[in-house]
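Observations on chain architecture
Here is what each chain is made of, one letter per residue.
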Amino acid sequence: MTSTRPKSKKIGKTIKTIKGKAGKWEIFSYVKNNKTYYANRLVSSNGWIVCSNLGFLRLQHAIDNVSRVRKLA
């Protein structure tokens, strides 16, 4: 898995932030083709984006994905 530069442009608007061990999870919404989607990403303490997941249709699915990724890591 490759990391993205910290200066990468954020799409959408941050809805919720969840603290993690070495960073924070950001859950945000964005609009594509006049439809609202939700996504999450893990941002490390130095600002690098570790991973991101896009394309959830419901906010709760994006939040549930955070807990599932934590179990795998």
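Before reading on, note that the structure itself is shown above.
Here the structure is a predicted model, which is why all the values come from computation and not from measurement. (Residues numbered from 1 in each chain as written. Predicted model: local features only at pLDDT ≥ 70, side-chain atom pairs only at ≥ 80, totals over all residues. Heavy atoms only, no water.)

**Brief notes about the overall build of the chain**
- The number of helices and strands found in the chain is one helix and four strands.
- Its helices and strands taken in sequence order, the chain reads β-β-β-β-α from the N to the C terminus.
- Residue burial in the chain is summarised as follows: out of 73 residues, 29% are buried.
- Summarising the internal contacts of the chain: among those between residues at least 6 apart in sequence, 29% fall at separations of at least 24.
- As displayed, the chain has an accessible area near 5500 Å², and 51% of this comes from carbon and sulfur atoms. (Helix = DSSP H or I, 4+ residues; strand = E, 2+ residues; numbered from the N terminus. Buried < 20%, exposed > 50% of the residue type's maximum accessible area, 1.4 Å probe, protein only. Contact = heavy atoms within 4.5 Å. Areas by Shrake-Rupley, 256 points an atom, 1.4 Å probe, with all protein chains shown as cover.)

**Topic: the sheet that holds strand β1 (residues 13-19)**
- Taken together, four strands build an open sheet; the order of strands is β1-β2-β3-β4 and the sheet is antiparallel. The outermost strands of the open sheet, each flanked by one partner alone, are β1 and β4 (49-56). Recorded for the sheet is a direction-independent mean angle of 20° between the axes of neighbouring strands.
- As paired strands, β1 and strand β2 (residues 23-32) are joined by six bridges and run antiparallel to one another. Its bridge partner being in β2, Lys13 is matched across the sheet by Ser29. (Pairing = 2+ DSSP bridges. Axes fitted to C-alpha atoms, helices over the stretch in contact; angles between N-to-C directions.)

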